[in-house]
Amino acid sequence: MSLESIIENITDTKPRIVSVIGAGLSKASGMPTFRGEDGLWKKYRAEELATPYAFSRDQKLVWEWYRFRMRMLLRAKPNPAHNALKKLEEKNIAIGLITQNVDGLHEIEGIKNFVEIHGRIRYARCMNCNYSERWDNEESAQEEIPLPYCPRCIDSVLRPDVVWFGESLDSQRWEKAINWTNQASVLLVIGTSGVVQPVASLPLYAKQNKAIVVEFNVEETPISSFCDYSIYGPCEKTLPNFTSKLIKKLE
Ligand code: BJW
């Protein structure tokens, strides 16, 4: 179906749009995805490193991976897909952005209503006392530096302030995500493989609430089968095209 026909089928005069985003959205900013060809670091997959078990076994290795990613992030800038989402917010038709991305590029773009469901890579925190500090600077991201320790707890190593596999999501953030999803008349699912729970269930909840679910991805995903529409292609191209046509129709 053409983009124009999809937009025609969004009949609300003031749609309530919620977006669920994943790593594919930041691909054009130079950030690798987790499960794509570029998702491997050394010989490790994300599932082997993004776990409390991996951190307890080898803190140095896990921090090395995060420093590698931070060096890329320090050079990354938001791309046209981030900008398209900001325009929806500026036009007051976006309720909120539910992001699995820990990179903070949405905030740098200027988006205000977001919930970072898997945390934020730009902060490190103490598992003991919850002290946290920013570490998104060139010095902390260098390859060979000692492990960061909590200034209060002395012998406690700081960890990246993200949600690893097997860990609970912050309940307030999750409630916000559910709440927004329940209010959505249109749910955009952008650049996510749809395999990581519980976020992968949000499109299903939206569908149960009769929202129109539109997926943007370069390929089919497990979510595609119950989406109303899937728009295949790089979202840094397809999403700005979609949002500008939608905004024009609503004016
Ligand atoms: C493009 C593109 C372009 C590329 N344009 N598209 C129920 C059933 C089964 C398992 C579970 C379950 N519930 C829980 C689990 C276990 C587990 C899980 O889901 N496992 C599955 C993998 C089997 N989940 C958890 O452990 C979660 N915790 C939990 O559920 O606790 C219970 C609880 C729930 C609710 C409230 C309270 C408690 C925690 C999950 C944490 C995930 N953490 C990570 C790491 C974050 C930190 C870090 O970055 O280091 O989050 S893993 C990694 O995967 C990261 C991502 O956010 C997440 C999702 O990946 P994403 O974004 O989809 O990326 P990719 O690479 O997979 O996909 C990219 C997509 O983009 C692809 O489709 C490409 O085609 C596409 N693309 N270029 C458009 N230009």
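Calculation notes
- Starting from 1, residues in each chain are numbered consecutively following that chain's sequence as written.
- Local features in this predicted model are restricted to residues of pLDDT 70 or higher, and side-chain atom pairs are both shown and tallied only at a pLDDT of 80 or more, whereas totals for entire chains, interfaces and linings draw on every residue.
- Where side-chain values are given, they derive from all heavy atoms of the structure, hydrogens and water being excluded.
- For helices the rule is a DSSP run of H or I covering at least 4 residues; for strands it is a run of E covering at least 2, with both sets numbered from the N terminus onward.
- With C-alpha atoms as the basis for the radius of gyration, the globule rule is written as 2.2 Å multiplied by the number of residues raised to the power 0.38.
- Burial classes follow relative accessibility: with a 1.4 Å probe on protein chains only, a residue under 20% of its type's maximum area counts as buried, one over 50% as exposed, and anything between as partly exposed.
- Only heavy atoms matter for contacts: two residues are in contact if any of them lie within 4.5 Å across the pair.
- The Shrake-Rupley method, run with a 1.4 Å probe, gives the accessible areas here. Residue values count only the displayed protein chains as cover.
- A molecule or strand has a residue near it when one of that residue's heavy atoms lies within 4 Å.
- Here a polar contact is taken to be a pair of N or O atoms separated by no more than 3.5 Å, where protein atoms must pair a possible hydrogen donor with a possible acceptor and residues adjacent in sequence count only if both atoms sit in side chains.
- We call Asp, Glu, Lys and Arg charged. Ala, Val, Leu, Ile, Met, Phe, Trp, Tyr, Cys and Pro are nonpolar, and the rest, Gly among them, are polar.
- In this document the domain limits rely on a domain assignment from an automatic tool or a database.
- Remark: nonpolar core denotes a set of buried residues (Ala, Val, Leu, Ile, Met, Phe, Trp, Tyr, Cys) joined through side-chain atoms within 4.5 Å.
- We call two strands paired when DSSP finds no fewer than two bridges between them.
- To obtain each axis, a line is fitted to C-alpha atoms, and for helices this fit is confined to the stretch in contact; angles are then taken between N-to-C directions over 0 to 180 degrees.
- The aromatic pairing rule takes the rings of Phe, Tyr and Trp, using the six-membered ring of Trp, and pairs them if the centres are within 6.5 Å, calling planes under 30 degrees apart stacked, those over 60 edge-to-face and the rest tilted.
- Charges are assigned to positions over rings by a cutoff of 6 Å between ring centre and Lys NZ or Arg CZ, combined with an angular limit of 35 degrees from the ring normal.
- By definition, the crossover connecting two strands over a helix is right-handed if that path, from the first strand to the second, turns clockwise as seen with the strands pointing away from the viewer.

(A) The arrangement of the overall build of the protein chain in detail. Within the protein chain, the secondary structure is distributed over nine helices and nine strands. Taken over the C-alpha trace, the protein chain has a radius of gyration of 19 Å; the compact-globule value for 251 residues is 18 Å, and the two agree within 12%. Seen through its C-alpha atoms, the protein chain measures out along the principal axes to roughly 60 × 30 × 30 Å. The proportion of buried residues among the 251 residues of the protein chain is 52%. Within the protein chain, counting contacts between residues at least 6 apart in sequence, those at least 24 apart form 68% of the total. Put simply, the protein chain shows about 12500 Å² of open surface, and 48% of that area lies on carbon and sulfur atoms.

(B) Summary view of the site of the ligand. Around the ligand sit 35 residues in total, of which Arg35, Tyr66, Arg69, Thr192 and Ser193 are the nearest. Within the side chain of Arg35, an N or O atom sits 2.6 Å from an oxygen atom of the ligand. For the ligand, an oxygen atom lies 2.8 Å from a polar atom in the side chain of His118. Those elements that provide at least two residues to the shell around the ligand are α4 (59-73) and α9 (235-250). Of the residues forming the shell around the ligand, the biggest block, three residues, is contributed by α4. Here the shell around the ligand is composed, by residue class, of 17 nonpolar, twelve polar and six charged. A domain split of the shell around the ligand shows at least three residues from each of domain 1 (3-30 + 78-118 + 169-250) and domain 2 (37-75 + 124-162).

(C) Spatial organisation of the nonpolar core. If you look at the biggest cluster of nonpolar residues, it comprises 31 residues, and the most contacted ones within it are Trp63, Trp65, Tyr66, Leu73, Ile121, Trp135 and Trp164. Taken together, the elements giving at least two residues each to this core come down to α2 (46-49), α3 (52-57), α4, β4 (119-126) and β6 (158-162). Of all the elements, α4 adds the most residues to this core, at eight residues. Discounting chain neighbours no more than four positions away, the residues touching Ile121 are Tyr66, Arg69, Met70, Leu73, Val102, Asp103, Trp135 and Val162. The next biggest cluster of nonpolar side chains, apart from the first, holds 28 residues, and it includes Ile93, Leu97, Tyr229 and Leu246.

(D) Representation of the sheet that holds β4 in the model. Strand order in the open sheet formed by three strands is β5-β4-β6, with antiparallel pairing between adjacent strands. One side of each edge strand has no neighbouring strand; the edge strands of this open sheet are β5 (132-134) and β6. The mean angle between the axes of side-by-side strands here comes to 40°, regardless of whether they run parallel or antiparallel. As defined by bridge partners, β4 adjoins β5 across three bridges and the pair is classed as antiparallel. Bridge pairing links Ala124 to Glu133 in β5.

(E) Main features of the packing of aromatic side chains. Inspection of the entire model under this criterion finds six aromatic pairs. Residues Trp63 and Trp135 carry aromatic rings whose centres are separated by 4.8 Å and whose planes lie at 85° to one another, so their mutual orientation is edge-to-face. You can see Trp63 sitting in helix α4 and its partner Trp135 sitting in the loop between β5 and β6, a full 72 residues away along the chain. Across this residue pair, the class does not change: Trp63 and Trp135 are buried. Counting every residue linked through ring pairs, the aromatic cluster contains Trp41, Tyr44 and Phe68. Sitting above the plane of the Trp65 ring, Arg69 keeps its charged end 4.4 Å from the centroid. Stacked on the ring of Tyr123, the Lys or Arg Arg120 has its end atom at 3.7 Å from the ring centre.

(F) Local environment of the pairing of strand β7 (residues 186-190). The buried count for β7 comes to five of five residues, which makes it a mostly enclosed element. By the alternation rule, side chains of β7 split into Val186, Leu188 and Ile190 and Leu187 and Val189, which are all buried. With five bridges connecting them, strand β1 (residues 17-21) and β7 associate as parallel partners. Its bridge partner being in β7, Ile17 is matched across the sheet by Val186. Summarising the sheet, β7 and strand β8 (residues 212-217) pair through five bridges and their orientation is parallel. For Val189, the partnering residue across the bridge sits in β8 and is Glu215. This β-α-β element, β7 to helix α8 (residues 202-208) to β8, shows right-handed connectivity.

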